[in-house]
Amino acid sequence: MTCHRIGHTPGNSNDLSPLGMDGEADETVAVGDDCVPGRRRRVHGMLKLYYGLNEEGKAAEESESLDPCDINGPHFDPELYLNKLRRECSLAELMDQETCMVKQIRSLDSDMQTLVYENYNKFISATDTIRKMKNDFKKMEDEMDCLSANMAAITEFSASISGTLQDQHTQITKLSGVHTLLRKLQFLFELPARLNKCLELQAYAQAVSSHRRARCVLQQYSHLPSFKGIQDDCHAIMDKLAQELRQKFRDGGSSAKDLSECVELLLQLDEPAEELCDKFLSHARSRLESDLQGLEAEIRPYPSAAKDASARRGCNEFVSSLCLVITSYQELFINHAQTGELLHAFVDNLAARYFSLVERRIQEEKSVGDNSLLVRALDRFHRRLQAVAKLLPGSAVPNKGTEIVIRAATERVKQYLSALQSFYMDSLTDVRQALATPRLSVAGRDAPNSLPELLSSLSASILNQIKSVLASVHLFTAKDITFSNKPYFKGEFCSQGVRESLVVSFIKFVCQSSRHFCESAGDKGGSTPPALLLLLSRLCLDYETSTISYILTLTDEQFLDQHHSPVTPVTTLCAEAKEAAQKLLNHYVKVQGLIISQMLRKSVETRDWVNTIEPRNVRAVMKRVVEDTTSIDVQVGLLYEEGVRKAHSSDSSKRTFSVYSSSRQQARYAASYTPSAPMDTNLLSNIHKLFSERIDIFSSVEFNKVSVMTGIIKISLKTFLECVRLRTFGRYGLQQIQVDCHYLQMYLWRFVSDENLVHFLLDEIVGSSAHRCLDPAPMEQSVIEVICERG
Amino acid sequence: MEDDAPVIYGLEFQARALSAQTAETDAIRFLVGTQSLKFDNQIHIIDFDDENNIINKNVLLHQAGEIWHIGASPADKAVLTTCYNKTCDSRVVSCAAVWRMPSDWETGSHESPDDTAHNPQTLELLCHLNDSAHGNAACVLWEPMGDGKRVISLADNHALLWDLQESSTQAVVSNTATLEGKGQLKFTSGKWSPHHNCSQLATANDTAIRGWDLRTMSQIYCIENAHGQLVRDLDFNPNRQYYLASCGDDCKVKFWDVRNIQEPVKSLEEHSHWVWSVRYNHSHDQLVLTASSDSRLILSNMVSISSEPFGHLVDDEELSEGEDNHQDDKGKEPLKDSVVSTYEEHEDSVYAAEWSSADPWLFASLSYDGRLVINRVPRALKYRILL
């Protein structure tokens, strides 16, 4: 302690004394003229070194400047300092400086004396202390000798004591061993009672573990009568216990967990595993079957109940308990080789029943309202079965489950198809009604106006329906559905299921039903309204041009990522649609033609042409024919384009006809009915026919208005001709026909593609009626014109 | 092998009535009746010389009126019936009569063929089949394969069964059947079935086909709406007793099994206008001839509903030996119902077509402009049927 203080004191004085500069730079300091402070400083430095203070001091000194004029600095150069003073200061200042310096030196000297005195005192006291310590240690040495002697004595004693105690120690150990044995024996003796108690309390697990603990011992010592007795008792009790366990097991009322516990205990009791397997499975079966019956019962009373709920419950209850059974089974019977097959058979059997139930349930799911429910239910179903698959690898159950899902999906697609079909038929019925209703109210004028709207709304609603169905079906392939990544759902379902058997079938159905309209209606006398035929024909044509490819593209986008299997090409469907459109239009022409034909036929057949009066008017039926033709023209014009006509002569009005009629027709009558030349009768018309093209009456028409109208007019006029040929005319009968034909000529030419056709047919009619006339005296052309213009 | 070109014969008048001379089995002979309101109507007896492809004609005058239907007796070559229109008191009435050809018409024609046009012989009237109570006659049907003693005439809505007595000079109505119903019903045509001991008759009125039992003169079946439009003609399959062909204004030819009249067995729609006549070939009932007012005649091969549905069983060996390759190919195709040929020689509506009674491979068709065309079944088909 004192040493420390010694070290410090010079440090403290450092600041004050210009000579007290210390540090490691001893050499630098040594440059100084004063040697005493130099030695002191060295001593001081060694002390510091001794006490490890140099670090500290260095840190303190480093801040000191290197200025040689700093009187307190380590690099102080007295010469420089003096020179500097001499240079810079005046004499007075030098004097002051000198006095100040002297003062400082004096004070420093006195300080040093004080320090030296203090330190001297301390050395003296230290010496005293050391001397005193010397004395004390001598005393202590004596005491230590005494202590070691004592310790040796104690050791001796201790050895002798332990020697005496040895015997007793072994005895005690033996005794404690006996004690343990006795406790064990007590356990054994108490075992029967304990087991009984456990039995009473139904703490079977405890009983079994107790018994297991004792069993070996009992076995080992069974030759001793007392142990034998205990063993027998235990056996009896354990048998009873096993009995009870079996009873419990057999009752089956307990939960699956209890059951598996039972089995575990029984196994520990060395019951034969196979038997237990069987029993276990049969119990599990009975429980699962009751589940199934519950399901079945649920299905039966509410066939229309939400699929979701029942499937979910079915899945939850049945499949999870099945899983539980499988797990516990596997845990329990893991060591028994052949039991795996039993389990498989068991699971397969039950799953088959479950599947049949599920399938029945799915089959009952007829409503196509919300597919997402079904898909979700199926997904859940499938997911659960995956769990089974994980538990029981190699089982056929998941595959069968997938099959069911696939079947359900195909079934669903079928249902959608039929739903689409019935939707289509319903829409057609609606259209039919829409066509019929206004016709009743406003006598056929307003109805055709709505045709394009009906068409567009029909096709739009069908398209929407298809889209919504596609969206619903698309759920089957959604990413988050577990079975959607099955190869079936990726490939076949998309191409065969959705594209072929849903979309393509529907389009085919549309065409088919259209064709059906043509066929059935023809025989039953046109039960289909002609406007509907026209509309459908346009619909099919639109399908051919755009809708089919649109629908298929849509389908392909949604469902086909790659083409696996051959699919019906768009062109085939388009061809079919076109064919249907053509058939419908042909049929439309036929029906409309027949309606007009019928009027003409009745008008010809019911009249007595021999005894008719001189014509004054165009017959009303002709006006009706023209009116109807006009309205048909309007109707067709709403849905079909105009089409091309053969070039008309610039004014193909009645004037042309009148010239044609009066000149040629007259010439023909003249030629035909000169009695001298019966041979000439047919000559003109035959020559004419030779050069005109053959006219196909009920032939195919093109998809335009003119062609349609031509077809209808052809049919009507040909009928007129054939009917005329079956009758016999009087003079006025012929004239009436002339008037009628002229009237028709005036109005009909504008509808047809080639007016010569109308000319030709009307010519034939007039010609034929002239042939069939008893008194052929044709009417003056001018009179005919007057009558016709009068209306 | 080239088929023989059709042979065309032109009449001066318009004509609708055509019949084969049923009793004649050696010569190919057709009877044609003309329709003219102005001139005396004629019956042309057309003989076809198969060897030389030549037509010989003989004309007999039928002065009573224009002929709408003609029927040749199955027993007596010289006897025939006609349905004709005559005008009296500015009314047109349809009548039916039995006629006999003058015995020497054949010799006459040979001696001076040019004369016949100018000075033809006249038919000899045997008896009228008219009953003033029963309206206008549409057609007269001879009992098929009978002894020429029984005919049926269809008049308005009555079917009259006549017994011809005293060498056909007297006709007595032995039985009648009447079509009852709403409106003015009228038989348009009919056919006497050659089956069931000739005890059945089929008639057409409007769109319905009816079958009658001649023993009781009662209706046995009725095919309502057999055709969409008027039924124009009927014919019985000569070999299959329940099969019946019909044609009509809906351009269709339908084949019926009268035991099941709900649906036709088969339906053809080859013509583009009304079909006026349908005829089974007498020997090979797969061959069906149809005539239409689209001026066409169509020969169809209806194998599937014929009495020889599989054709003759021909083994390959036989085929490869016979004929040329072309035929060989054809023979191997499965036999299907098909149109054999469409004949376009006519310029006007064809109202009648008939098979020859002498040559089963030959048929005639008559169009309104008086053109009679004689055609043959294509040889390829003929040989395929025969071999």
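Position numbers for residues start from 1 in each chain and track the written sequence from start to end. Starting at A for chains and at 1 for ligands, labels are handed out in the order in which the entities are written. In keeping with the predicted nature of the model, local features appear solely for residues at pLDDT of at least 70, side-chain atom pairs appear and are counted solely at 80 or more, and the whole-chain, interface and lining totals rest on all residues. Think of the side-chain values as coming from all heavy atoms in the structure, minus any hydrogens and water.

**Examining the pattern of salt bridges**
When a carboxyl oxygen of Asp or Glu is within 4 Å of a side-chain nitrogen of Lys or Arg, the pair counts as a salt bridge. Taken as a whole and judged by the stated rule, the model has 30 salt bridges over all chains. For K590 of chain A, the salt bridge goes to E269 of chain B, with nearest N and O atoms at 2.7 Å. Placement of the pair is K590 of chain A in helix α18 (residues 570-605) and E269 of chain B in the loop between β22 (266-268) and β23 (275-280), with the two residues belonging to separate chains. A relative accessible area of 14% means that K590 of chain A is categorised as buried. Under the scheme applied here, a residue whose accessible area is under 20% of the maximum for its type counts as buried, over 50% as exposed, and between as partly exposed, the area being computed with a 1.4 Å probe on protein chains only. For E269 of chain B, a relative accessible area of 43% corresponds to the partly exposed category. For R150 of chain B, the salt bridge identified is with E143 of chain B, shortest N-O distance 3.3 Å. Connected through salt bridges with shared partners, the residues R601 and E605 of chain A together with R232 and D249 of chain B form a single ionic network. Helix and strand labels come from DSSP, where a helix needs a run of H or I of at least four residues and a strand needs a run of E of at least two; each type is numbered from the N terminus.

**Quick word on the interface of chain B and chain A**
Frequently, the measure chosen for interface size is the accessible area removed from exposure when the parts meet. Listed by partner, the interface residues are 43 residues for chain B and 32 residues for chain A. Computed with a 1.4 Å rolling probe, the buried area is the accessible surface lost when two parts are put together, summed over both parts. Between chain B and chain A, roughly 3300 Å² of surface is buried when both sides are summed, and carbon and sulfur atoms account for 47% of that area. Counting across the interface, chain B meets chain A through four salt bridges. N or O atoms closer than or at 3.5 Å make up a polar contact, with two conditions inside protein: a donor-capable atom paired with an acceptor-capable one, and, for residues adjacent in sequence, both atoms drawn from side chains. Inspection of the chain B/chain A interface yields 11 residue pairs in polar contact (both at pLDDT 80 or more). Elements with a minimum of two residues in the side of chain B that touches chain A: β2 (14-20), β6 (66-72), β7 (79-88) and β8 (91-100) of chain B. Tallied by class, residues from the side of chain B that touches chain A come to 12 nonpolar, 14 polar and 17 charged. We call two residues in contact when some of their heavy atoms are within 4.5 Å. Amino acid classes used here: Ala, Val, Leu, Ile, Met, Phe, Trp, Tyr, Cys and Pro are nonpolar; Asp, Glu, Lys and Arg are charged; the rest, including Gly, are polar.

**Comments concerning the nonpolar core**
Residue and element names in this part refer to chain A. Here, nonpolar core refers to any group of buried Ala, Val, Leu, Ile, Met, Phe, Trp, Tyr and Cys residues whose side-chain atoms link them within 4.5 Å. Within the largest apolar cluster, 139 residues are counted, with the highest numbers of intra-cluster contacts made by V473 and F720. Sorting elements by how many residues they give to this core places helix α17 (residues 530-559) first, with 15 residues. Ranked by size, the runner-up nonpolar core spans 20 residues in total, among them F187, C198, Y204 and F227.

**Topic: the confidence of the model for chain B**
All names here are of chain B. When pLDDT is averaged along chain B, the result is 82, and 88% of the positions lie at 70 or above. Each residue gets a pLDDT score, which is the predictor's confidence in that residue and runs from 0 to 100. Confidence drops under pLDDT 50 across residues 108-117; counting only partners more than four residues distant or on other chains, this segment forms three contacts. Low pLDDT (under 50) marks residues 314-332, which in the prediction has 13 contacts with non-local residues, meaning those over four places away or in another chain. Predicted complex, confidence summary: ipTM 0.85, pTM 0.67.

**What to know about a negative patch on the surface**
Residue and element names in this part refer to chain A. Only residues whose relative accessible area exceeds 30% and that take part in no salt bridge are eligible for patches, with like-charged residues grouped when within 9 Å of each other and nonpolar side chains (Val, Leu, Ile, Met, Phe, Trp, Tyr) grouped when within 5 Å. The accessible surface values rely on the Shrake-Rupley method and a 1.4 Å probe; as for residues, cover is taken only from the protein chains in view. Counting rule for charge: Lys and Arg are taken as positive, Asp and Glu as negative, and neither His nor the chain ends is counted. Charged groups are reduced to one reference atom each: NZ for lysine, CZ for arginine, CG for aspartic acid, CD for glutamic acid. Judged by side-chain charge, E141, D142, E143 and D145 come together as a negatively charged surface patch. Position of E143 among the secondary structure elements: in helix α6 (residues 91-201). In this structure E143 comes out as exposed when scored by relative accessible area, which is 54%.

**Examining the confidence of the model for chain A**
Residue and element names in this part refer to chain A. Across chain A, pLDDT averages 73, with 70% of residues at or above 70. A low-confidence stretch, residues 440-448 (pLDDT under 50), is modelled with eight contacts involving residues beyond four sequence positions or located in other chains. Every residue in residues 521-526 is under pLDDT 50, and counting partners more than four places away or in other chains gives 11 contacts.

**Notes on the sheet that holds β8 of chain B**
Residues and elements named next belong to chain B. Strands pair, by our definition, only if DSSP identifies at least two bridges between them. As summarised here, the arrangement of the four strands in space is β6-β7-β8-β10, forming an open sheet in which the pairing is antiparallel. Strands with a single pairing partner mark the edges of an open sheet, and in this sheet they are β6 and β10 (124-128). The sheet shows a mean angle of 35° between the axes of neighbouring strands, direction not considered. Direction of pairing for β6 relative to β7: antiparallel, over a ladder of six bridges. Paired with E66 across the two strands is N85, which belongs to β7. In this analysis, axes come from line fits to C-alpha atoms, helices being fitted only over the stretch in contact, and the angle between any two N-to-C directions falls in the range 0 to 180 degrees.

**A word on the pairing of strand β3 (residues 28-35) of chain B**
Residue and element names in this part refer to chain B. Counting buried positions along β3 gives eight out of eight residues, so the element sits mostly inside the fold. The sheet contact formed by β2 and β3 spans six bridges and is antiparallel. Paired with L18 across the two strands is V32, which belongs to β3. Here β3 runs beside strand β4 (residues 41-49); their pairing, made up of six bridges, is antiparallel. Across the sheet, the residue bridging to F30 is I46, located in β4. The hairpin turn running from β3 into β4, its antiparallel successor, is five residues long.

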